[in-house]
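Here is how the chains run, residue by residue.
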Amino acid sequence: MRMTLGKPAIIAIACCLALLSAIPGVVSATDASYPFLTIGQLREQYEDPQSRYLRVGDMQIHYKDEGPRDAPVLLLVHGSESSLRTWDVITEDLKNRYRVIRFDVPSYGLSDGASDSDVGKLQPTDIPLALLDHLAIERVTFAGVSSGGTMGMYLAARRPDIVERLILSNNPSDPVDTSHLVMPQAFLDAVARSKASGFRDQDFWNEFLSYFSGEAERISAQTRREYYDFNRRTPEKHLIAMIARIGDGKQAIVEMKKIVAPTLLVWGTADPLLPESAAVAVSRYLENAQISRVYMPDVGHYPPLEVPHRFARMIAAYVEAVVPEVPESQPAEPVAGAGGAD
């Protein structure tokens, strides 16, 4: 059974895609009866030999840097509700040919959440810039999915001297409209249960990942468990402060016009939230960039999770085929309003 969303369900699903923490009673509960995990417990469970940390502001940012040091650099950024593990399979496919760097956006994965001071001083693109500076990397191909793609757009606008190619996957360019969403009753029930309890259980994440996939069976049991674990970490005060957001869209349009990097859109058009029309909108706003598009009608909102091997082949083909012009170096500029939601 599938149902068209009424107003409460529309609000709930919008929350699931980056704003869930802003709704009173959701992921703000600290009831000991719910199995929240501290950041320490998550690190103990999920750190591996490739885990590294960099302090940015008051935060320890978890990152991984793999592959030959003299190879072309890929910077991969995940979306809201996710972690750098989004790119695990793609990294394995590409790290013998590329230097692959990825990090957990603050408040997600194994990175700390932002402090009050961080919120006042930092913007989302400061995180990748600090990491690249720390690693002495001057040029990257940036790939991002969902709000990770939004971060890539803002970074390419702010520092065209660093982003030589841009690969975007199922990210918004306009304020997200949820009025068209139709959800199965099981997902509606899971959303209602999480809103009432303040805790998103494993069933919620199973429904979430299945709904946003083109083919639900592609999302492994391990990935489903990881989403549950990482999203039951002890609630953060500023959960979405360092997510790159579209906001009301006005400043985002200004920033997108600044982008000159060649851009590949790798789009899952079975995405119920951001279908093909969203890719068309991104193309329209990136009026000064050379755009290439690949549409995948069998894939949903998270192509790197659903079809990682296919996605990795597209990254490699694009990097090898597109040789961008090198823009004149210019100083970093702040990106107004670069704070947003998937």
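If you're wondering where the values come from, they're calculated on a predicted model, not measured in any experiment. (Residues numbered from 1 in each chain as written. Predicted model: local features only at pLDDT ≥ 70, side-chain atom pairs only at ≥ 80, totals over all residues. Heavy atoms only, no water.)

Colleague: Mind laying out the pairing of strand E7 (residues 163-169), listing which residues take part and the relevant values?
Modeller: Of all seven residues making up E7, seven are buried, and the element is well covered by its neighbours. Judged from the six bridges that link them, strand E6 (residues 140-145) and E7 form a sheet pairing that is parallel. By the bridge assignment for E7, Phe142 is matched with Leu166. Viewed along the sheet, the connection from E6 through helix H6 (residues 147-158) into E7 turns out right-handed. Pairing between E7 and strand E9 (residues 263-268): three bridges, direction parallel. Looking at the pairing, Ile167 lines up with Leu264 of E9. (Buried < 20%, exposed > 50% of the residue type's maximum accessible area, 1.4 Å probe, protein only. Helix = DSSP H or I, 4+ residues; strand = E, 2+ residues; numbered from the N terminus. Pairing = 2+ DSSP bridges. Right-handed = clockwise from strand over helix to strand, strands pointing away.)

Colleague: Describe the confidence of the model for the protein chain, and please don't skip the residues or the numbers.
Modeller: Across the protein chain, the average pLDDT comes to 89, with 85% of residues at or above 70. Counting contacts from residues 334-342, a segment whose pLDDT is below 50, to residues more than four positions away or on other chains yields 45 contacts. (pLDDT = per-residue confidence, 0-100. Contact = heavy atoms within 4.5 Å.)

Colleague: Tell me about helix H5 (residues 126-134), residues and numbers included.
Modeller: Taken together, the buried positions of H5 are occupied by Asp126, Ile127, Pro128, Leu129, Leu131 and Leu132. Positive backbone phi, at 55°, marks Ala136, one or two positions downstream of H5.

Colleague: Report on the pattern of salt bridges, specifying residues and quantitative values.
Modeller: Per the stated rule, a full pass over the model turns up 26 salt bridges. For the salt bridge of Glu66 with Lys95, the shortest nitrogen-to-oxygen distance reads 3.5 Å. Separated by 29 residues along the polypeptide, Glu66 in strand E3 (residues 59-66) and Lys95 in the loop between helix H3 (88-94) and strand E5 (99-103) bring together distant segments of the chain. By relative accessible area, Lys95 is classed as partly exposed at 25%. In this structure Glu66 comes out as buried when scored by relative accessible area, which is 8%. What emerges from the salt-bridge pattern is a single network uniting Glu66, Asp88, Glu92, Lys95 and Arg102. (Salt bridge = Lys/Arg side-chain N within 4 Å of Asp/Glu carboxyl O.)

Colleague: I'd like a rundown of the side chain of Asp65, residues and numbers included.
Modeller: In this structure, Asp65 sits in strand E3. Polar contacts involving the side chain of Asp65 include one to the side chain of Arg99, which spans 2.7 Å. Apart from residues lying up to four places away in sequence, Asp65 is in contact with Arg99, Val100, Ile101 and Leu135. (Polar contact = N/O pair within 3.5 Å; in protein donor to acceptor, adjacent residues only side chain to side chain.)

Colleague: Can you tell me about helix H8 (residues 202-211), naming the residues and giving the values?
Modeller: Within H8 the residues assigned to the buried category are Phe204, Trp205, Glu207, Phe208, Leu209 and Tyr211. Where H8 begins, the capping side chain belongs to Asp201, and its oxygen is found 3.2 Å from the backbone nitrogen of Asp203.

Colleague: So what's going on with the nonpolar core? Which residues, and what values?
Modeller: Counting residues in hydrophobic clusters, the biggest one holds 95 residues, and the most contacted among them are Leu75, Leu94, Phe103, Met153 and Phe187. For this core, the element with the highest residue contribution is helix H13 (residues 308-321), accounting for seven residues. In this structure, Leu37, Tyr46, Leu110 and Phe230 belong to the second largest nonpolar core, which totals five residues. (Core = buried A, V, L, I, M, F, W, Y, C linked by side-chain atoms within 4.5 Å.)

Colleague: Residue-level account of the sheet that holds strand E10 (residues 291-296), with values.
Modeller: Spatially, eight strands are ordered E2-E3-E5-E4-E6-E7-E9-E10 in an open sheet, and the strand pairing comes out mixed. Each edge of the open sheet carries a strand with a single partner, namely strand E2 (52-56) and E10. With strand direction ignored, the average angle separating the axes of adjacent strands in the sheet is 20°. Pairing of E9 with E10, which is carried by six bridges, proceeds in the parallel orientation. The partner of Val266 across the bridge, within E10, is Val294. Sheet contacts for H13: strand E4 (73-77), E6, E7, E9 and E10; angle to E7, the most-contacted strand, approximately 150°. (Axes fitted to C-alpha atoms, helices over the stretch in contact; angles between N-to-C directions.)

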